[in-house]
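Here are the chains, one letter per residue:
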Amino acid sequence: MKSSIRSSRRAVLAVALGSVLALTATACGDDGSGAAGDKGGEGSAKGEITFWDNNGGVRTDIWKEIIADFEKANPDIKVKYVGIPAASAQSKYDTAIQGGGLPDVGGVGTAMLAEVAVQGALEPLDSRLAKSALKGKLSQNLLDSSRAAGGGDALYQIPTSSNNGTLWYRTDLFEQAGLDAPTTWTKFYAAADKLTDKDKNRFGFTIRGGEGSIAPALDAAYSQSGVDTFWNGDKTTVDDPKLVAALEKYVALYKKDTPSADVNNDFTKMVSQWDSGSIGMLSHNLGSYQDHLKALGAGKFRGIPSPTRDDGSRVQVSNPVDGLSVFKPGKNKAAAWKFVEFAVSHAENSKYNRSAGQIPANTEAAQDEWIQKAEPTKLAAEALNGADTKIVQFPYYLPDWNTISKADNEPNFQKMLLGKMSAKDFLGTLAKQLNAAQADWKKNNG
(Lines give C-alpha, C1' and ligand atoms only; values in the text may rest on other atoms or scores of the structure.)
Protein backbone atom coordinates (compact mmCIF):
# COMPACT_ATOMS: atom_id res chain seq x y z
CA MET A 1 0.00 0.00 0.00
CA LYS A 2 2.78 2.43 0.95
CA SER A 3 4.65 1.59 -2.25
CA SER A 4 1.56 2.33 -4.33
CA ILE A 5 1.11 5.68 -2.56
CA ARG A 6 4.67 6.67 -3.44
CA SER A 7 4.28 5.44 -7.03
CA SER A 8 1.06 7.43 -7.36
CA ARG A 9 2.77 10.55 -6.06
CA ARG A 10 5.55 10.19 -8.64
CA ALA A 11 2.97 9.59 -11.36
CA VAL A 12 1.07 12.72 -10.34
CA LEU A 13 4.28 14.73 -10.56
CA ALA A 14 5.04 13.31 -13.99
CA VAL A 15 1.56 14.10 -15.28
CA ALA A 16 1.70 17.57 -13.74
CA LEU A 17 5.04 18.29 -15.39
CA GLY A 18 3.78 17.10 -18.76
CA SER A 19 0.67 19.23 -18.40
CA VAL A 20 2.44 22.43 -17.43
CA LEU A 21 4.93 22.17 -20.26
CA ALA A 22 2.04 21.91 -22.67
CA LEU A 23 0.44 25.11 -21.40
CA THR A 24 0.93 28.28 -23.38
CA ALA A 25 2.18 31.59 -22.07
CA THR A 26 -1.36 32.94 -22.18
CA ALA A 27 -2.46 30.71 -19.33
CA CYS A 28 -2.49 32.92 -16.27
CA GLY A 29 -4.71 33.68 -13.36
CA ASP A 30 -5.74 36.88 -11.69
CA ASP A 31 -3.29 36.63 -8.82
CA GLY A 32 -0.01 35.76 -10.46
CA SER A 33 2.17 35.64 -13.52
CA GLY A 34 1.49 32.42 -15.39
CA ALA A 35 2.03 28.69 -15.43
CA ALA A 36 5.20 26.62 -15.20
CA GLY A 37 6.79 26.30 -18.62
CA ASP A 38 6.26 29.99 -19.43
CA LYS A 39 9.61 31.71 -19.89
CA GLY A 40 8.55 35.03 -18.42
CA GLY A 41 10.81 38.04 -18.72
CA GLU A 42 12.97 40.55 -16.85
CA GLY A 43 10.44 43.35 -17.20
CA SER A 44 11.07 46.99 -16.36
CA ALA A 45 11.66 46.63 -12.59
CA LYS A 46 8.57 48.81 -12.21
CA GLY A 47 4.85 48.17 -11.83
CA GLU A 48 3.07 45.53 -9.73
CA ILE A 49 4.34 42.15 -8.62
CA THR A 50 2.48 39.45 -6.71
CA PHE A 51 3.94 37.92 -3.55
CA TRP A 52 2.65 34.71 -1.97
CA ASP A 53 3.28 34.29 1.75
CA ASN A 54 3.45 30.53 2.46
CA ASN A 55 2.61 31.07 6.14
CA GLY A 56 -0.29 33.46 5.77
CA GLY A 57 -2.02 34.51 8.96
CA VAL A 58 0.95 33.68 11.18
CA ARG A 59 3.36 35.93 9.28
CA THR A 60 0.93 38.32 7.55
CA ASP A 61 1.62 41.35 9.76
CA ILE A 62 5.39 41.20 9.46
CA TRP A 63 5.29 40.67 5.70
CA LYS A 64 2.97 43.62 5.27
CA GLU A 65 5.41 45.71 7.27
CA ILE A 66 8.30 44.59 5.04
CA ILE A 67 6.23 45.28 1.92
CA ALA A 68 5.47 48.81 3.16
CA ASP A 69 9.20 49.38 3.74
CA PHE A 70 9.97 48.06 0.25
CA GLU A 71 7.37 50.22 -1.48
CA LYS A 72 8.67 53.29 0.35
CA ALA A 73 12.21 52.51 -0.86
CA ASN A 74 10.99 51.53 -4.34
CA PRO A 75 8.04 53.82 -5.17
CA ASP A 76 7.86 52.52 -8.76
CA ILE A 77 7.02 48.98 -7.58
CA LYS A 78 3.83 47.83 -5.87
CA VAL A 79 3.55 44.46 -4.18
CA LYS A 80 0.28 42.55 -4.09
CA TYR A 81 0.25 40.41 -0.96
CA VAL A 82 -1.50 37.01 -0.98
CA GLY A 83 -1.47 35.08 2.31
CA ILE A 84 -1.69 31.29 2.09
CA PRO A 85 -2.01 29.10 5.20
CA ALA A 86 1.05 26.88 5.58
CA ALA A 87 -1.02 23.69 5.43
CA SER A 88 -2.33 24.50 1.95
CA ALA A 89 0.74 26.18 0.41
CA GLN A 90 1.94 23.07 -1.42
CA SER A 91 -1.43 22.38 -3.03
CA LYS A 92 -1.84 26.07 -3.95
CA TYR A 93 1.47 26.04 -5.79
CA ASP A 94 0.72 22.72 -7.50
CA THR A 95 -2.64 24.01 -8.76
CA ALA A 96 -1.09 27.20 -10.11
CA ILE A 97 1.75 25.29 -11.76
CA GLN A 98 -0.75 23.28 -13.75
CA GLY A 99 -3.42 25.88 -14.41
CA GLY A 100 -1.72 29.28 -14.25
CA GLY A 101 -1.68 32.09 -11.74
CA LEU A 102 1.78 31.59 -10.24
CA PRO A 103 3.11 34.62 -8.36
CA ASP A 104 6.16 36.64 -9.31
CA VAL A 105 7.81 35.84 -5.99
CA GLY A 106 6.80 33.67 -3.05
CA GLY A 107 7.77 31.83 0.08
CA VAL A 108 8.89 28.26 -0.62
CA GLY A 109 10.27 26.13 2.21
CA THR A 110 12.85 23.41 1.65
CA ALA A 111 10.27 20.67 2.31
CA MET A 112 8.46 21.56 -0.93
CA LEU A 113 11.29 23.18 -2.89
CA ALA A 114 12.33 20.26 -5.10
CA GLU A 115 8.74 19.38 -5.95
CA VAL A 116 8.06 22.93 -7.16
CA ALA A 117 11.42 23.22 -8.94
CA VAL A 118 11.17 19.90 -10.81
CA GLN A 119 7.96 21.12 -12.43
CA GLY A 120 9.83 23.97 -14.09
CA ALA A 121 8.29 26.71 -11.97
CA LEU A 122 11.34 28.35 -10.37
CA GLU A 123 14.05 30.68 -11.62
CA PRO A 124 17.67 29.64 -10.88
CA LEU A 125 19.14 32.35 -8.67
CA ASP A 126 22.89 31.65 -8.69
CA SER A 127 23.85 34.37 -11.15
CA ARG A 128 21.57 36.93 -9.52
CA LEU A 129 23.04 36.26 -6.07
CA ALA A 130 26.59 36.46 -7.44
CA LYS A 131 25.92 40.04 -8.61
CA SER A 132 23.88 41.04 -5.55
CA ALA A 133 24.66 43.07 -2.46
CA LEU A 134 23.63 39.90 -0.59
CA LYS A 135 26.71 38.05 -1.84
CA GLY A 136 28.82 36.98 1.13
CA LYS A 137 26.20 38.12 3.64
CA LEU A 138 24.10 34.96 3.87
CA SER A 139 24.76 31.91 6.04
CA GLN A 140 26.73 29.46 3.91
CA ASN A 141 25.25 26.50 5.77
CA LEU A 142 21.72 27.72 5.01
CA LEU A 143 22.64 28.33 1.35
CA ASP A 144 24.00 24.78 1.22
CA SER A 145 20.72 23.50 2.69
CA SER A 146 18.71 25.49 0.13
CA ARG A 147 20.79 24.13 -2.75
CA ALA A 148 20.65 20.55 -1.48
CA ALA A 149 16.87 20.72 -0.99
CA GLY A 150 16.44 21.84 -4.60
CA GLY A 151 18.30 18.83 -5.92
CA GLY A 152 21.89 19.88 -5.43
CA ASP A 153 22.65 21.81 -8.61
CA ALA A 154 20.95 25.18 -9.04
CA LEU A 155 19.96 27.53 -6.22
CA TYR A 156 16.17 27.95 -6.37
CA GLN A 157 15.64 29.58 -2.97
CA ILE A 158 17.25 32.45 -1.09
CA PRO A 159 17.03 31.46 2.58
CA THR A 160 15.35 33.85 4.99
CA SER A 161 15.39 31.89 8.23
CA SER A 162 15.89 28.59 9.94
CA ASN A 163 15.06 26.88 13.16
CA ASN A 164 17.63 24.78 14.98
CA GLY A 165 17.75 21.84 17.29
CA THR A 166 17.92 23.03 20.92
CA LEU A 167 18.57 21.14 24.13
CA TRP A 168 16.42 22.72 26.83
CA TYR A 169 17.51 21.93 30.37
CA ARG A 170 16.36 22.81 33.88
CA THR A 171 19.11 25.00 35.34
CA ASP A 172 17.60 24.76 38.81
CA LEU A 173 17.62 20.96 38.77
CA PHE A 174 21.16 20.87 37.38
CA GLU A 175 22.40 23.22 40.10
CA GLN A 176 20.73 21.16 42.83
CA ALA A 177 22.41 18.03 41.47
CA GLY A 178 25.80 19.71 41.03
CA LEU A 179 25.81 19.05 37.30
CA ASP A 180 27.57 20.95 34.52
CA ALA A 181 25.58 22.19 31.53
CA PRO A 182 24.99 19.27 29.11
CA THR A 183 27.19 20.72 26.36
CA THR A 184 28.68 17.34 25.35
CA TRP A 185 27.08 13.95 24.86
CA THR A 186 29.07 12.53 27.79
CA LYS A 187 27.66 15.23 30.08
CA PHE A 188 24.20 14.71 28.61
CA TYR A 189 24.09 11.00 29.42
CA ALA A 190 25.57 11.55 32.89
CA ALA A 191 22.88 14.15 33.63
CA ALA A 192 20.09 11.94 32.30
CA ASP A 193 21.12 9.23 34.78
CA LYS A 194 21.70 11.45 37.80
CA LEU A 195 18.46 13.42 37.47
CA THR A 196 16.29 10.31 37.26
CA ASP A 197 14.45 9.16 40.37
CA LYS A 198 11.56 6.96 39.29
CA ASP A 199 10.19 6.65 42.82
CA LYS A 200 9.61 10.41 42.80
CA ASN A 201 8.45 10.41 39.15
CA ARG A 202 11.50 12.43 38.10
CA PHE A 203 13.33 11.78 34.87
CA GLY A 204 16.49 13.10 33.27
CA PHE A 205 15.16 13.32 29.71
CA THR A 206 12.04 13.06 27.58
CA ILE A 207 12.43 11.31 24.23
CA ARG A 208 10.15 11.85 21.25
CA GLY A 209 8.56 8.53 20.39
CA GLY A 210 5.37 9.59 18.59
CA GLU A 211 4.81 11.64 15.45
CA GLY A 212 7.92 13.45 14.23
CA SER A 213 10.35 11.08 15.97
CA ILE A 214 12.71 10.26 13.09
CA ALA A 215 14.46 13.61 12.56
CA PRO A 216 15.48 14.16 16.22
CA ALA A 217 16.61 10.53 16.51
CA LEU A 218 18.79 10.84 13.41
CA ASP A 219 20.10 14.17 14.66
CA ALA A 220 21.21 12.51 17.90
CA ALA A 221 22.78 9.60 16.03
CA TYR A 222 24.73 11.70 13.52
CA SER A 223 25.77 14.17 16.21
CA GLN A 224 27.24 11.46 18.44
CA SER A 225 28.82 9.41 15.65
CA GLY A 226 30.66 12.22 13.89
CA VAL A 227 29.52 10.96 10.47
CA ASP A 228 28.99 14.22 8.61
CA THR A 229 27.38 13.34 5.29
CA PHE A 230 24.07 11.69 4.42
CA TRP A 231 25.33 9.98 1.27
CA ASN A 232 28.45 7.99 0.47
CA GLY A 233 28.15 8.00 -3.30
CA ASP A 234 24.57 6.91 -3.96
CA LYS A 235 24.28 4.91 -0.71
CA THR A 236 23.04 6.48 2.50
CA THR A 237 25.15 6.50 5.64
CA VAL A 238 22.22 6.01 8.03
CA ASP A 239 23.15 2.34 8.57
CA ASP A 240 26.81 3.11 9.27
CA PRO A 241 27.91 1.04 12.31
CA LYS A 242 28.82 4.28 14.13
CA LEU A 243 25.23 5.49 13.78
CA VAL A 244 23.87 2.12 14.87
CA ALA A 245 25.94 2.29 18.07
CA ALA A 246 24.93 5.90 18.72
CA LEU A 247 21.24 5.20 18.20
CA GLU A 248 21.39 2.15 20.46
CA LYS A 249 22.76 4.31 23.26
CA TYR A 250 20.15 7.02 22.69
CA VAL A 251 17.20 4.62 22.56
CA ALA A 252 18.42 2.86 25.71
CA LEU A 253 17.38 5.98 27.63
CA TYR A 254 13.71 5.07 27.13
CA LYS A 255 12.04 4.00 30.41
CA LYS A 256 15.45 4.02 32.13
CA ASP A 257 15.80 7.81 32.22
CA THR A 258 12.57 8.85 30.46
CA PRO A 259 8.84 8.46 31.14
CA SER A 260 7.20 5.39 29.59
CA ALA A 261 4.56 7.67 28.00
CA ASP A 262 7.26 8.97 25.66
CA VAL A 263 6.63 6.12 23.24
CA ASN A 264 3.48 7.89 22.02
CA ASN A 265 4.44 11.52 22.58
CA ASP A 266 4.59 14.02 19.72
CA PHE A 267 6.22 17.41 20.31
CA THR A 268 3.11 18.98 21.88
CA LYS A 269 2.79 16.28 24.54
CA MET A 270 6.55 16.13 25.03
CA VAL A 271 6.83 19.90 25.59
CA SER A 272 3.82 19.88 27.93
CA GLN A 273 5.32 17.00 29.89
CA TRP A 274 8.67 18.79 30.26
CA ASP A 275 6.96 22.03 31.28
CA SER A 276 5.28 20.17 34.13
CA GLY A 277 8.60 20.53 35.94
CA SER A 278 9.77 17.00 36.76
CA ILE A 279 12.07 16.31 33.80
CA GLY A 280 15.61 17.57 33.39
CA MET A 281 16.14 17.84 29.62
CA LEU A 282 14.15 18.17 26.41
CA SER A 283 15.38 18.15 22.82
CA HIS A 284 13.23 20.43 20.69
CA ASN A 285 13.66 23.54 18.56
CA LEU A 286 13.61 27.24 19.38
CA GLY A 287 9.87 27.45 18.83
CA SER A 288 8.93 26.20 22.29
CA TYR A 289 10.70 29.00 24.22
CA GLN A 290 7.53 30.94 25.09
CA ASP A 291 5.84 27.75 26.33
CA HIS A 292 8.74 27.10 28.71
CA LEU A 293 8.86 30.70 29.90
CA LYS A 294 5.15 30.68 30.69
CA ALA A 295 5.27 27.33 32.48
CA LEU A 296 8.55 27.55 34.36
CA GLY A 297 9.42 31.23 34.61
CA ALA A 298 12.69 32.96 33.82
CA GLY A 299 15.86 31.66 35.45
CA LYS A 300 14.78 28.02 35.76
CA PHE A 301 15.73 26.77 32.31
CA ARG A 302 18.14 27.36 29.47
CA GLY A 303 18.30 26.47 25.78
CA ILE A 304 21.62 25.49 24.21
CA PRO A 305 22.58 23.86 20.89
CA SER A 306 22.54 20.07 20.76
CA PRO A 307 25.58 18.52 22.47
CA THR A 308 28.94 18.22 20.76
CA ARG A 309 31.27 15.24 20.85
CA ASP A 310 33.88 15.28 23.61
CA ASP A 311 36.47 16.80 21.27
CA GLY A 312 34.16 19.78 20.65
CA SER A 313 33.28 18.82 17.08
CA ARG A 314 29.71 19.57 16.07
CA VAL A 315 27.62 17.61 13.58
CA GLN A 316 23.92 18.30 13.17
CA VAL A 317 21.25 17.46 10.62
CA SER A 318 19.71 20.14 8.44
CA ASN A 319 16.56 21.82 9.70
CA PRO A 320 13.84 22.97 7.30
CA VAL A 321 14.81 26.34 5.84
CA ASP A 322 12.26 28.94 4.82
CA GLY A 323 13.07 31.22 1.94
CA LEU A 324 11.98 33.19 -1.09
CA SER A 325 11.85 32.05 -4.70
CA VAL A 326 11.41 33.90 -7.99
CA PHE A 327 8.98 32.21 -10.37
CA LYS A 328 10.13 31.48 -13.90
CA PRO A 329 6.88 32.57 -15.65
CA GLY A 330 7.07 36.03 -14.05
CA LYS A 331 6.94 38.92 -16.47
CA ASN A 332 8.85 41.25 -14.13
CA LYS A 333 11.66 39.16 -12.62
CA ALA A 334 13.82 42.24 -12.10
CA ALA A 335 11.26 43.69 -9.69
CA ALA A 336 10.71 40.28 -8.04
CA TRP A 337 14.45 39.93 -7.42
CA LYS A 338 14.60 43.46 -6.00
CA PHE A 339 11.96 42.40 -3.49
CA VAL A 340 13.96 39.31 -2.51
CA GLU A 341 17.14 41.35 -2.06
CA PHE A 342 15.30 43.88 0.09
CA ALA A 343 13.50 41.29 2.24
CA VAL A 344 16.75 39.46 3.05
CA SER A 345 18.77 42.62 3.64
CA HIS A 346 20.22 43.19 7.10
CA ALA A 347 17.47 45.37 8.56
CA GLU A 348 14.47 43.57 7.04
CA ASN A 349 15.74 40.04 7.69
CA SER A 350 16.43 41.01 11.29
CA LYS A 351 12.94 42.45 11.63
CA TYR A 352 11.36 39.32 10.12
CA ASN A 353 13.23 36.86 12.30
CA ARG A 354 12.72 38.84 15.47
CA SER A 355 8.99 38.49 14.82
CA ALA A 356 9.26 34.81 13.85
CA GLY A 357 11.65 33.86 16.66
CA GLN A 358 14.02 32.19 14.21
CA ILE A 359 17.63 32.42 13.06
CA PRO A 360 18.30 35.07 10.39
CA ALA A 361 19.86 33.91 7.13
CA ASN A 362 21.60 37.27 6.88
CA THR A 363 24.75 36.95 9.00
CA GLU A 364 24.79 40.67 9.80
CA ALA A 365 21.23 40.39 11.11
CA ALA A 366 22.37 37.46 13.26
CA GLN A 367 24.63 39.88 15.16
CA ASP A 368 21.88 42.35 16.05
CA GLU A 369 21.18 43.37 19.64
CA TRP A 370 17.87 41.51 19.98
CA ILE A 371 19.52 38.22 19.11
CA GLN A 372 22.36 38.82 21.56
CA LYS A 373 19.74 39.21 24.30
CA ALA A 374 17.88 36.02 23.27
CA GLU A 375 20.44 33.46 24.41
CA PRO A 376 18.90 30.30 22.88
CA THR A 377 18.64 32.00 19.46
CA LYS A 378 22.10 33.56 19.79
CA LEU A 379 23.73 30.22 20.62
CA ALA A 380 21.78 28.44 17.88
CA ALA A 381 22.90 31.03 15.31
CA GLU A 382 26.51 30.69 16.43
CA ALA A 383 26.30 26.91 16.17
CA LEU A 384 24.61 27.01 12.77
CA ASN A 385 27.13 29.47 11.34
CA GLY A 386 30.17 28.04 13.09
CA ALA A 387 33.10 27.42 10.78
CA ASP A 388 33.58 23.95 12.26
CA THR A 389 29.90 22.95 12.21
CA LYS A 390 29.14 20.12 9.80
CA ILE A 391 25.58 19.93 8.50
CA VAL A 392 24.21 16.57 7.36
CA GLN A 393 21.82 17.53 4.57
CA PHE A 394 18.57 15.57 4.69
CA PRO A 395 17.39 14.65 1.15
CA TYR A 396 14.32 16.87 1.04
CA TYR A 397 14.52 16.68 -2.75
CA LEU A 398 13.42 13.03 -2.77
CA PRO A 399 9.69 12.73 -3.55
CA ASP A 400 9.55 9.83 -1.07
CA TRP A 401 11.39 11.60 1.77
CA ASN A 402 8.35 12.60 3.82
CA THR A 403 6.75 9.18 3.49
CA ILE A 404 9.94 7.32 4.39
CA SER A 405 10.81 9.59 7.31
CA LYS A 406 7.30 9.62 8.71
CA ALA A 407 4.63 7.05 7.83
CA ASP A 408 7.02 4.24 6.91
CA ASN A 409 9.34 4.38 9.88
CA GLU A 410 7.72 6.10 12.86
CA PRO A 411 5.98 2.80 13.81
CA ASN A 412 9.35 1.05 13.54
CA PHE A 413 10.92 3.62 15.85
CA GLN A 414 8.28 2.82 18.44
CA LYS A 415 9.05 -0.90 18.03
CA MET A 416 12.70 -0.09 18.67
CA LEU A 417 11.86 1.81 21.87
CA LEU A 418 9.79 -1.14 23.05
CA GLY A 419 12.64 -3.57 22.34
CA LYS A 420 10.81 -5.30 19.48
CA MET A 421 13.27 -4.11 16.81
CA SER A 422 17.02 -3.53 16.95
CA ALA A 423 18.70 -0.28 16.01
CA LYS A 424 20.60 -2.18 13.31
CA ASP A 425 17.39 -3.50 11.75
CA PHE A 426 15.68 -0.12 12.07
CA LEU A 427 18.47 1.75 10.32
CA GLY A 428 18.95 -1.05 7.81
CA THR A 429 15.30 -0.85 6.78
CA LEU A 430 15.53 2.93 6.54
CA ALA A 431 18.71 2.69 4.45
CA LYS A 432 17.17 0.22 2.03
CA GLN A 433 14.20 2.53 1.39
CA LEU A 434 16.40 5.61 1.02
CA ASN A 435 18.79 3.90 -1.39
CA ALA A 436 15.86 2.81 -3.56
CA ALA A 437 14.39 6.32 -3.50
CA GLN A 438 17.76 7.84 -4.42
CA ALA A 439 18.21 5.40 -7.32
CA ASP A 440 14.74 6.23 -8.58
CA TRP A 441 15.42 9.97 -8.32
CA LYS A 442 18.75 9.65 -10.15
CA LYS A 443 17.08 7.64 -12.90
CA ASN A 444 14.46 10.34 -13.47
CA ASN A 445 16.67 13.38 -12.90
CA GLY A 446 20.10 12.24 -14.06
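Residues numbered from 1 in each chain as written. Predicted model: local features only at pLDDT ≥ 70, side-chain atom pairs only at ≥ 80, totals over all residues. Heavy atoms only, no water.

Phi at Asn201 is positive, roughly 60°, even though this residue is not glycine. Relative to the helices and strands, Asn201 is located in the loop between helix 8 (185–194) and strand 6 (203–206). The backbone phi angle of Lys255 is positive, close to 70°, even though this residue is not glycine. For Lys255, a relative accessible area of 45% gives the class partly exposed. (Helix = DSSP H or I, 4+ residues; strand = E, 2+ residues; numbered from the N terminus. Buried < 20%, exposed > 50% of the residue type's maximum accessible area, 1.4 Å probe, protein only.)

Quick look at helix 8 now. Looking only at helix 8, the buried set comprises Trp185, Phe188, Tyr189, Ala191 and Ala192. Buried residues of helix 8, viewed axially, fall in a sector of 160°; they line one side. Packing partners of the buried residues in helix 8 comprise strand 5 (165–169), helix 7 (171–177), strand 6, helix 9 (214–225), helix 10 (241–251) and strand 9 (279–285). (Arc of directions from axis to C-beta. Contact = heavy atoms within 4.5 Å.)

The buried count for strand 1 (residues 47–53) comes to five of seven residues, which makes it a mostly enclosed element. Pairing of strand 1 with strand 2 (residues 77–83), which is carried by seven bridges, proceeds in the parallel orientation. Within the sheet, the bridge partner assigned to Asp53 lies in strand 2 and is Gly83. In the classification by handedness, the crossover that spans strand 1, the intervening helix 2 (residues 60–73) and the parallel strand 2 is right-handed. (Pairing = 2+ DSSP bridges. Right-handed = clockwise from strand over helix to strand, strands pointing away.)

Here the focus is the packing of aromatic side chains. One pass over the full model with this rule turns up 28 aromatic pairs. When the centroid spacing of 4.8 Å and the interplanar angle of 55° are considered together, the rings of Phe51 and Trp63 count as tilted. In this pair, Phe51 sits in strand 1 while Trp63 sits in helix 2, placing the two residues 12 residues apart along the sequence. With 6.4 Å between their ring centres and 90° between their planes, Trp274 and Phe301 make a pair best called edge-to-face. One end of the pair, Trp274, is in helix 11 (residues 267–275); the other, Phe301, is in the loop between helix 12 (289–296) and strand 10 (302–305), and 27 residues separate them in sequence. For Trp274, a relative accessible area of 0% translates into the label buried. Through pairs of rings, three or more aromatic residues link up here, namely Phe51, Trp63, Phe70, Tyr81, Phe339, Phe342 and Tyr352. (Phe/Tyr/Trp six-rings, centres within 6.5 Å; stacked < 30°, edge-to-face > 60°.)

So, on to the sheet that holds strand 6. The strand order across the open sheet built from four strands is 6-9-5-10, with neighbouring strands paired in mixed fashion. The open sheet is flanked by strand 6 and strand 10, the only strands paired with a single partner. Between one strand and the next, the sheet's axes are offset by a mean angle of 25°, whatever the strand orientation. Where strand 5 lies against strand 9, five bridges are found, and the strand directions are antiparallel. Looking at the pairing, Leu167 lines up with Ser283 of strand 9. Contacts from helix 11 reach strand 5, strand 6 and strand 9 within the one sheet, and its direction differs from that of strand 9 by about 145°. Across the sheet, helix 16 (residues 375–385) is in contact with strand 5 and strand 10; its angle to strand 10 comes to roughly 5°. (Axes fitted to C-alpha atoms, helices over the stretch in contact; angles between N-to-C directions.)

Its location among the elements puts Trp231 in strand 7 (residues 231–232). Residues Trp231 and Gln393, 162 residues apart in the sequence, show an inter-C-alpha distance of 9.0 Å. Apart from residues no more than four positions distant in its own chain, Trp231 is found in contact with Thr236, Thr237, Pro395, Tyr397, Leu398, Leu434, Asn435 and Gln438.

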